[in-house]
Amino acid sequence: MRFFEAGAARIPYSVVRGNSRAYTHLRFRPDLTLEVVLPRGKAADPEEAIRSQLGWVKREYERMSRTRRVLGRDEVLFDGAYLRLVFEESSEDRLAPHIEQGVVAVRTKDRRRGRELVRRWFLKESSAYAVRKCGELAPRLGVTPSRVDVREISKWGYCTRAGRLSFSWQLAALPERLREYVVVHELAHLAEFNHSPKFTRKVASLVPDFRRREKELDLILPYDRKELS
């Protein structure tokens, strides 16, 4: 692994070739490795590329260092707090959360199946929350969703013009204040299908400190379904 000194930080980086023939770009992986994507078929100095965007690299590294991942190797974020995953070998798949003890017992024959069991648990919890919270808050905003569901999506939530609200199955990872913000945000789109000042006022009518909650939400990193394998 190569490293780049950025002030007090020693940042690991890797170099890959992209599809573009003209551009070099940088991106951080969830493990805080900086990926330098060089143009295809063109000589380029990766360290020079990093130096040219050093300000962004430092800011993004600092931001990413503060992020919390939904799922780690031996822990999972649930309701804003980490629970320890305790694996027990078993011939049947079973997950038993012990929230007060801060532990989730995962019984499975294959440890890799544990993440799928967590996903199923989250799916159930997130769905129950989204349906209940939308039912509670929609009348206060004067809107009515045509459908509320929880799905495999890359965003925390989204709204369609047909009035369907979909939420990430990882919603259960968030503390109540952030889950509530996500629901209010999508419900407000039923009234204003944009991010105009009218939309902002709609959100603020129920969540006055929504800007702060947005920033908190940016520091929580969902995991991709690919990580389950």
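This one's a predicted model, so the numbers in the text were calculated from it and none came from an experiment. (Residues numbered from 1 in each chain as written. Predicted model: local features only at pLDDT ≥ 70, side-chain atom pairs only at ≥ 80, totals over all residues. Heavy atoms only, no water.)

*Asks:* Which residues make up the nonpolar core, and what are the values?
*Replies:* In terms of nonpolar packing, the biggest core is built from 46 residues, with Val76, Phe122, Phe167 and Leu187 touching the most fellow members. Counting residues in each nonpolar core, the second largest holds 16 residues, with Ala6, Phe28, Leu34 and Val36 among its members. (Core = buried A, V, L, I, M, F, W, Y, C linked by side-chain atoms within 4.5 Å. Buried < 20%, exposed > 50% of the residue type's maximum accessible area, 1.4 Å probe, protein only.)

*Asks:* Quick one: what's the story with the sheet that holds strand S4 (residues 34–38), residue by residue and with numbers?
*Replies:* The sheet built from 4 strands is open, its strands ordered S1-S2-S4-S3 with mixed pairing. The outermost strands of the open sheet, each flanked by one partner alone, are strand S1 (2–6) and strand S3 (25–28). Across this sheet, the average inter-strand angle for adjacent strands is 35°, counted without regard to direction. As paired elements, strand S2 (residues 9–17) and S4 share 5 bridges and run parallel to each other. Within S4, the position partnered with Ser14 by the bridge is Glu35. Sitting on the sheet, helix H2 (residues 54–65) touches S1, S2, S3 and S4, and the angle it makes with S3 is about 15°. (Pairing = 2+ DSSP bridges. Helix = DSSP H or I, 4+ residues; strand = E, 2+ residues; numbered from the N terminus. Axes fitted to C-alpha atoms, helices over the stretch in contact; angles between N-to-C directions. Contact = heavy atoms within 4.5 Å.)

*Asks:* Please set out helix H5 (residues 197–206) residue by residue, giving values where relevant.
*Replies:* Burial in H5 covers these residues: Phe199, Val203 and Leu206. End-on view of H5: buried residues confined to an arc of 65°, all on one side of the axis. Exposed residues pointing more than 90 degrees away from the buried face of H5 are listed as Pro197, Lys198, Arg201 and Ser205. Against helix H3 (113–141), helix H4 (176–191) and helix H6 (210–218) lie the buried residues of H5. (Arc of directions from axis to C-beta.)

*Asks:* An account of the confidence of the model for the protein is needed here, citing residue identities and associated values.
*Replies:* Of all residues in the protein, 96% have pLDDT values of 70 or greater, and the mean over the chain is 90. Considering each helix and strand of the protein separately, the mean pLDDT is smallest for strand S5 (residues 68–69), with a value of 86, and largest for H4, with 98. (pLDDT = per-residue confidence, 0-100.)

*Asks:* How would you explain the sheet that holds strand S8 (residues 94–98) if you had to name every residue and give the values?
*Replies:* Across the sheet, 4 strands lie side by side as S6-S7-S9-S8; this open sheet has mixed pairing. Strand pairing shows two members of the sheet lacking a second neighbour, strand S6 (75–78) and S8, which therefore form its edges. Direction aside, neighbouring strands of the sheet carry axes that sit 25° apart on average. One ladder, built from 6 bridges, connects strand S7 (residues 81–89) with strand S9 (residues 103–108); its direction is parallel. Bridge assignment links Phe87 to a residue of S9, and that residue is Val106.

*Asks:* If you had to explain the packing of aromatic side chains to someone new, which residues and values would you point to?
*Replies:* Applying the stated criterion to the full structure yields 5 aromatic pairs. Measuring from centroid to centroid gives 6.0 Å for Phe28 and Tyr61, while their planes differ by 45°, and the two rings are tilted. Of this pair, Phe28 sits in strand S3 while Tyr61 sits in helix H2; the two residues are 33 residues apart in sequence, bridging distant segments of the chain. Tyr61 matches Phe28 in its accessibility class, with the two residues each being buried. Of the aromatic side chains, those joined through ring pairs into one cluster are Phe28, Trp56 and Tyr61. Across the ring face of Phe3, the terminal group of Arg10 is positioned such that the distance to the ring centre comes to 4.0 Å. Across the ring face of Trp169, the terminal group of Arg119 is positioned such that the distance to the ring centre comes to 5.8 Å. (Phe/Tyr/Trp six-rings, centres within 6.5 Å; stacked < 30°, edge-to-face > 60°. Lys NZ or Arg CZ within 6 Å of the ring centre and 35° of its normal.)

*Asks:* With reference to specific residues and values, describe the environment of Pro175.
*Replies:* Positionally, Pro175 belongs in the loop between strand S12 (164–168) and H4. Residues Pro175 and Val103, 72 residues apart in the sequence, show an inter-C-alpha distance of 17 Å.

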